[in-house]
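Listed below are the residues making up each chain.
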Amino acid sequence: NWNIEDYLREKKKSYICQFLPPGLSLDNYHQVLESLFIYMGITENLQHSVDILAQKLGFSTMPVPQANVSEWDEPVPDGAREEFAENNPLEMAIYGYARNNWGNS
């Protein structure tokens, strides 16, 4: 039953980079992502990301179902975003890259 403040205090470093190519760094992430990935979407609008990926791969798109949607929503405490960004600069750079390229088809 952690809240976001507890989580950020206990888990300062994100785990997401363990799913990305080894050796990825703030110095090379842009080049690595552009050379190894066709497209990097974002989950804020998963349907749009799936649509663009399908187009890039030459497939028809398909609807992304929404299942097990939670009604629980906790407001983000002041400073939480900044704390996460400070502890995870590479993850934030990758997210920024994906956001900037999200609509590109």
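See the structure above.
So, a few notes on the structure that sits alongside this text. None of these values were measured; they are calculated from a predicted model. (Residues numbered from 1 in each chain as written. Predicted model: local features only at pLDDT ≥ 70, side-chain atom pairs only at ≥ 80, totals over all residues. Heavy atoms only, no water.)

### Some remarks on the environment of Asn87
- Position of Asn87 relative to the elements: it lies in helix H4 (residues 80-87).
- In sequence terms Asn87 and Lys12 are 75 residues apart; their C-alpha atoms lie 6.0 Å from each other.
- For Asn87, the residues in contact, after removing those within four places along its chain, are Lys12 and Lys13. (Helix = DSSP H or I, 4+ residues; strand = E, 2+ residues; numbered from the N terminus. Contact = heavy atoms within 4.5 Å.)

### A closer look at the packing of aromatic side chains
- According to the stated counting rule, one finds one aromatic pair in the structure shown.
- Seen from their ring centres, Tyr15 and Phe19 are 6.0 Å apart, and the 85° between their planes marks the pair as edge-to-face.
- When its relative accessible area of 57% is taken as the criterion, Phe19 is described as exposed. (Phe/Tyr/Trp six-rings, centres within 6.5 Å; stacked < 30°, edge-to-face > 60°. Buried < 20%, exposed > 50% of the residue type's maximum accessible area, 1.4 Å probe, protein only.)

### Digging into the nonpolar core
- Of all hydrophobic cores here, the largest spans 12 residues; its members are Leu20, Leu24, Tyr29, Val32, Leu33, Met40, Ile42, Leu90, Ala93, Ile94, Tyr97 and Ala98.
- Elements supplying a minimum of two residues to this core: helix H2 (29-36) and helix H5 (89-101).
- Among the elements that make up this core, the one with the highest residue count is H5 (five residues). (Core = buried A, V, L, I, M, F, W, Y, C linked by side-chain atoms within 4.5 Å.)

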